[in-house]
Every structure is written in structure tokens, then in C-alpha cells.
Amino acid sequence: MLLLLELSILLAAGIASSPLWLSDPGQRYMPALAFALIMVFSMGTLGMYQHDQSREDIKSIVLRIMPSLALGFGLMQLLAALLPEMQLGRLGSMVFLLGGGAVLLARLVVFTSAQSSMLERRLIIVGDGAIARECLALAASSAGFHPFRVVGFVPVQGEMRAVPSAMLLPADLPLLTLARRYAADEIVVTVGDRRNGAFPVRQLLECALGGVPVTDAATFFEREACQIRVDSLQPS
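Residues numbered from 1 in each chain as written. Predicted model: local features only at pLDDT ≥ 70, side-chain atom pairs only at ≥ 80, totals over all residues. Heavy atoms only, no water.

1. Here we look at the overall build of the protein chain
Part 1 of the argument: Broken down by element type, the protein chain carries nine helices and four strands.
Part 2 of the argument: Walking the protein chain from its N terminus toward its C terminus, one meets helices and strands in the order α-α-α-α-α-β-α-β-α-β-α-β-α.
Part 3 of the argument: Restricting the contact set of the protein chain to residue pairs at least 6 apart, pairs at least 24 apart contribute 73%.
Part 4 of the argument: On the protein chain, roughly 12,800 Å² of surface is accessible, and the fraction owed to carbon and sulfur atoms is 63%. (Helix = DSSP H or I, 4+ residues; strand = E, 2+ residues; numbered from the N terminus. Contact = heavy atoms within 4.5 Å. Areas by Shrake-Rupley, 256 points an atom, 1.4 Å probe, with all protein chains shown as cover.)

2. Considerations on the packing of helix α6 (residues 130-141) against helix α9 (residues 217-224)
Part 1 of the argument: Contact pair α6 / α9: the axes reach a minimum separation of 11 Å and the direction vectors enclose 20 degrees. Here α6 is positioned roughly parallel relative to α9, judged by the angle of their axes. The crossing of α6 and α9 is left-handed. The segment α6 lies against α9, with Ile131, Glu134, Cys135 and Leu138 engaging Ala217, Phe220, Phe221 and Glu224.
Part 2 of the argument: Within the contact of α6 with α9, the residues separate by chemical class into six nonpolar, no polar and two charged. (Axes fitted to C-alpha atoms, helices over the stretch in contact; angles between N-to-C directions. Parallel < 35°, antiparallel > 145°, perpendicular 65-115°, else oblique. Left-handed = near helix turned anticlockwise from the far one by under 90°. Nonpolar A, V, L, I, M, F, W, Y, C, P; charged D, E, K, R; others polar.)

3. Things to note about the sheet that holds strand β3 (residues 186-189)
Backbone-to-backbone hydrogen bonds pair the strands of a sheet. The strands run either parallel or antiparallel.
Part 1 of the argument: One open sheet accounts for four strands, arranged β2-β1-β3-β4; its pairing is parallel. Two strands bound the open sheet, and with one partner strand each, they are β2 (148-154) and β4 (214-216). Strand-to-strand, the axes of this sheet are offset by a mean angle of 30 degrees, without reference to chain direction.
Part 2 of the argument: Two elements, β3 and β4, share three bridges in a ladder whose sense is parallel. Across the sheet, the residue bridging to Ile187 is Val214, located in β4.
Part 3 of the argument: Contacting β1 (121-126) and β2, α6 runs over the sheet at an angle of about 160 degrees to β2. (Pairing = 2+ DSSP bridges.)

4. Some remarks on the packing of aromatic side chains
Part 1 of the argument: In total, this model carries two aromatic pairs according to the counting rule given.
Part 2 of the argument: Judged by centre distance (5.2 Å) and plane angle (80 degrees), the ring pair of Phe148 and Phe220 falls under edge-to-face. Residue Phe148 is found in strand β2, and its partner Phe220 is found in helix α9; the two are separated by 72 residues along the sequence. For the pair Phe148 and Phe220, one class covers both residues: buried.
Part 3 of the argument: Centre to centre, the rings of Phe220 and Phe221 are 6.1 Å apart; their planes meet at 70 degrees, and the pair counts as edge-to-face. Assigned by exposure class, Phe220 and Phe221 land together as buried.
Part 4 of the argument: The rings of Phe148, Phe220 and Phe221 are connected pair by pair, giving a single aromatic cluster. (Phe/Tyr/Trp six-rings, centres within 6.5 Å; stacked < 30°, edge-to-face > 60°. Buried < 20%, exposed > 50% of the residue type's maximum accessible area, 1.4 Å probe, protein only.)

5. Side note on a nonpolar patch on the surface
Part 1 of the argument: Taken together, Met30, Leu33 and Leu37 make up a surface patch of nonpolar side chains, about 280 Å² in accessible area.
Part 2 of the argument: For Leu33, the location among the structural elements is in helix α3 (residues 29-45). (Patch = residues over 30% accessible without salt bridge, like charges linked within 9 Å, V, L, I, M, F, W, Y side chains within 5 Å. Salt bridge = Lys/Arg side-chain N within 4 Å of Asp/Glu carboxyl O.)

6. Some thoughts on the pattern of salt bridges
Part 1 of the argument: For the structure on display, the rule yields five salt bridges.
Part 2 of the argument: Across the salt bridge formed by Asp128 and Arg161, the nearest N and O atoms sit 3.3 Å from each other. Of this pair, Asp128 sits in the loop between β1 and α6 while Arg161 sits in the loop between β2 and α7 (175-181), and the two are 33 residues apart along the sequence.
Part 3 of the argument: The structure contains a network of salt bridges with shared partners spanning Arg121, Glu186, Arg223 and Glu224.

7. Considering α9
In an α-helix, one turn spans 3.6 residues; hence positions three or four apart end up facing the same way.
Part 1 of the argument: Along α9, the residues classified as buried are Ala217, Ala218, Phe220, Phe221 and Glu224. Summarising the axial view, the buried residues of α9 lie within an arc of 160 degrees, below the 170-degree limit, and thus occupy one face.
Part 2 of the argument: Next to the buried residues of α9 lie β1, α6, β2, β3 and β4.
Part 3 of the argument: Structurally, the start of α9 carries an N-cap: the backbone nitrogen of Ala218 is 3.0 Å from a side-chain oxygen of Asp216.
Part 4 of the argument: Positioned one or two residues after α9, Cys226 has a phi angle of 55 degrees, which is positive. (Arc of directions from axis to C-beta. Polar contact = N/O pair within 3.5 Å; in protein donor to acceptor, adjacent residues only side chain to side chain.)

Okay, here's the thing in C-alpha cells:
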């Protein structure tokens, strides 16, 4: 989505500034498209579309944009020499300043919105063992693919407790009741041993049917941390 947004912004910047660098502004669309594609290619080459970009501050973004603009300028000059009929040789610095400023502004808006607490997902974790503790650590590190917050843990019989006792939720209440009381957006199941009869299968089914998504710990780690956690896989 960010790539498509910035491609549109750079295309608009190229079209808007075309009277400054094209002798025939009527033929502005193909040169502007070439400019936008080359700039997106340059930014992608320098890693500006990686997953961890949303955690960078404005200084890091500027330090990546500057060499991207320089690489894009060099590629545009090369393309101008190969295709003189596209009139790219007169490409001035204004279009690069306009495009770079627009990209910087777009990234600040997008990344600030992505880290907003309004988009934060509230999780209830079923289980209070080591895997549940790692889910809490992932939320605290802000390294997940989406912002989320653990509102509490539902203890399960047979689990060796590894989470703060202050975050335990009442185990005698149904999971669907807890999810609605704490406005949970998702329930993550981290229970290791699911064959001892303490695993709340019926309650999890009620949550799924009641509109609260239920996610397995292995799927959760793969989605949020881009990791395949072998220790969270089940024998089945």
C-alpha cells in the first residue's frame, strides 16, 4: 500500500512539474511515469519498503531518501541518454525536491497513523506459561507487525505460571464474557498441553461464533514476528 501511495505521489509530482522540464508539456505522462517508476525502484533498492521501516524516525527516513534521490537522478540521466525522445535530459532538481518532500510527508503521516493507539488490537491470551510470556514481551517490544496490547491472561490448569499475577483474569468467567468485558479484539491460545481436559474447547468455539477471532500461538508468532516457532506447534 505504501509503494502504491508513493508511486501515485511521485507520478503527480512529475506531472505537476512537467512544464519546468519538458519542452512539450502535452507529452508529460510517459516521462512522469518513468520518473515515478525509477524513484520507487531506487527507494526499494535501498530498503525503503521493508517491514521494519514503520519503526524508523524522521532522521532515518531522511537518511534513506537522500541517497534514493541521488540514485534515481543517476538512473534518470542514464535513461535520458538511452531514450532522448523522452526529453528527460532537462529534468531539473525541482521535481526531485517536490517528489522527495511529498514522499517524506506521506511516510510521516502513514507511520504515525500505523503506530497510533487507535489502531491497537486488544488481546486476551489463554494460558499463562512461557509462550504467553513471550507474547507479552513481543507486545512490549513494539516489534510486531501490528500494534497490540495484552489486556490479560486466562490461567489454565497444568500450566507453569510465567506471567505477572496482576495480569491474570478471572478463570471462572466464560471467555466470551471476558472478551466483551475487556473489549478484546482477539483471543490467542498459548496452551501447551491440550489433552488434559482443561483446554476450554467449547468456550473458544463460543468466542469464534460470537465474533471474537481465536488464533493459535504458532499462527500469532508467524503473523506478528515473521517467525515459525517450533516450540509453539502442537503434536497434531
